[in-house]
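Fold and geometry: a report
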Amino acid sequence: MLLFGLVGLIDDVLKVRRKRSLGLRPGQKMALQICLAAVVGLVFIWMGLNGDFSLRLTFPFFKQWLPFLAGSTCLDRLHPGRSSNAVNLADGLDGLAIGLTLISVSALTALTYVAGNINWSNYLSIAYMPMAAELTVFTGALAGACLGFLWFNCHPAQVFMAMSGRSPSAGPWP
């Protein structure tokens, strides 16, 4: 998340320096995202081969089937790039972007709760992760923030993404 935030920072800095609305070209941004995702995937593989990270893929409801997928772990790291660009495409409509975020964060909240609860994880044959309970609090708070944004973004909108509550008719920033 921080690395993708760094790509966004580079894009924004270039926009400010050039005094144009164009920062990184789409190809440059995609290349940076793919390179960063590949590096993170390789770090996960290295950690998995050293025993610090599990490279076993668990399928809920299948107790005995645990395939070893070290090669696909690197490819799975490309998912943040796909997610990031999907939100970027939906960004023109604030409600659509935050609605998509709310759906995905709500699902993640449910999954982290189940994975962090020993009774539910054993019952559903999901890997028990005791530290996932901490993540459940964060994702639940993020889902609540999404709901709060949607509440104040409905007609007539009082808040806008990246505008800190200023109306588009209020003119440019001072």
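Residues numbered from 1 in each chain as written. Predicted model: local features only at pLDDT ≥ 70, side-chain atom pairs only at ≥ 80, totals over all residues. Heavy atoms only, no water.

Regarding its fold elements, the chain presents seven helices and zero strands. Counting from the amino terminus, the chain carries its helices and strands in the arrangement α-α-α-α-α-α-α. Counting the 174 residues in the chain, one finds 25% classified as buried. Partitioning the intrachain contacts of the chain with sequence separation of at least 6 by distance along the chain shows that 45% fall at a separation of at least 24. For the chain, the accessible surface area stands at approximately 12300 Å², while carbon and sulfur atoms represent 71% of it. (Helix = DSSP H or I, 4+ residues; strand = E, 2+ residues; numbered from the N terminus. Buried < 20%, exposed > 50% of the residue type's maximum accessible area, 1.4 Å probe, protein only. Contact = heavy atoms within 4.5 Å. Areas by Shrake-Rupley, 256 points an atom, 1.4 Å probe, with all protein chains shown as cover.)

Here the focus is the pattern of salt bridges. Applying the stated rule across the entire model yields two salt bridges. Among the salt bridges present, the one from Asp11 reaches Lys15, with a minimum N-O distance of 3.5 Å. Separated by four residues within a single helix, Asp11 and Lys15 lie in helix α1 (residues 2-18), roughly one turn from each other. Taking the relative accessible area as the measure of exposure, Asp11 reaches 5% and is therefore buried. Two residues, Lys29 and Asp11, come together in a salt bridge whose shortest N-O distance is 3.2 Å. Placement of Lys29 in helix α2 (residues 26-49) and of Asp11 in helix α1 is noted, with a sequence separation of 18 residues between them. Accessibility expressed as a relative area gives 18% for Lys29, which makes it buried. When salt bridges that share partners are traced, they join Asp11, Lys15 and Lys29 into one network. (Salt bridge = Lys/Arg side-chain N within 4 Å of Asp/Glu carboxyl O.)

A cluster of nonpolar side chains, namely Leu3, Leu6, Leu9, Ile10, Val13 and Leu32, defines an oily patch on the protein surface of about 440 Å² accessible area. Ranked by residues supplied to the nonpolar patch, first place goes to α1 with five residues. Locating Val13 in the fold gives a position in helix α1. (Patch = residues over 30% accessible without salt bridge, like charges linked within 9 Å, V, L, I, M, F, W, Y side chains within 5 Å.)

Moving on, we get to the nonpolar core. One finds Ile98, Leu102, Val105, Ala143, Cys146 and Phe149 forming the largest nonpolar core, which totals six residues. For this core, the elements supplying multiple residues, two or more each, are α5 (94-116) and α7 (132-153). Residues within four places of Ala143 in sequence aside, it is in contact with Leu102, Val105 and Ser106. (Core = buried A, V, L, I, M, F, W, Y, C linked by side-chain atoms within 4.5 Å.)

Right, let's talk about the environment of Gly116 for a bit. Relative to the elements of secondary structure, Gly116 occurs in helix α5. With relative accessibility at 17%, the residue Gly116 sits in the buried group. Between the C-alpha atom of Gly116 and that of Ile126, which follows or precedes it by 10 residues, the distance is 9.7 Å. In this view, Gly116 contacts Tyr128, Met129, Ala132 and Ala133; residues no more than four positions away in its chain are not counted.

On to the packing of aromatic side chains, then. To describe a pair of aromatic rings, one takes the distance between the centres and the angle between the planes. By the definition in use, this model includes one aromatic pair. Measuring from centroid to centroid gives 6.4 Å for Trp120 and Tyr123, while their planes differ by 80 degrees, and the two rings are edge-to-face. Linking Trp120 with Tyr123, this pair stays in helix α6 (residues 118-123), spanning three residues, or about one helical turn. (Phe/Tyr/Trp six-rings, centres within 6.5 Å; stacked < 30°, edge-to-face > 60°.)

Turning our attention to α7. For α7, built from 22 residues, the straight-helix expectation of 32 Å at 1.5 Å per residue is met to within 8% by its first-to-last C-alpha distance of 31 Å. Those residues of α7 lying buried are Ala132, Thr136, Thr139, Ala143, Cys146, Phe149 and Asn153. When α7 is viewed along its axis, its buried side chains cluster within an angular range of 150 degrees and face the same direction. Away from the buried face of α7 by more than 90 degrees, exposed residues Glu134, Val137, Ala141 and Trp151 are located. (Expected span 1.5 Å × (residues − 1). Arc of directions from axis to C-beta.)

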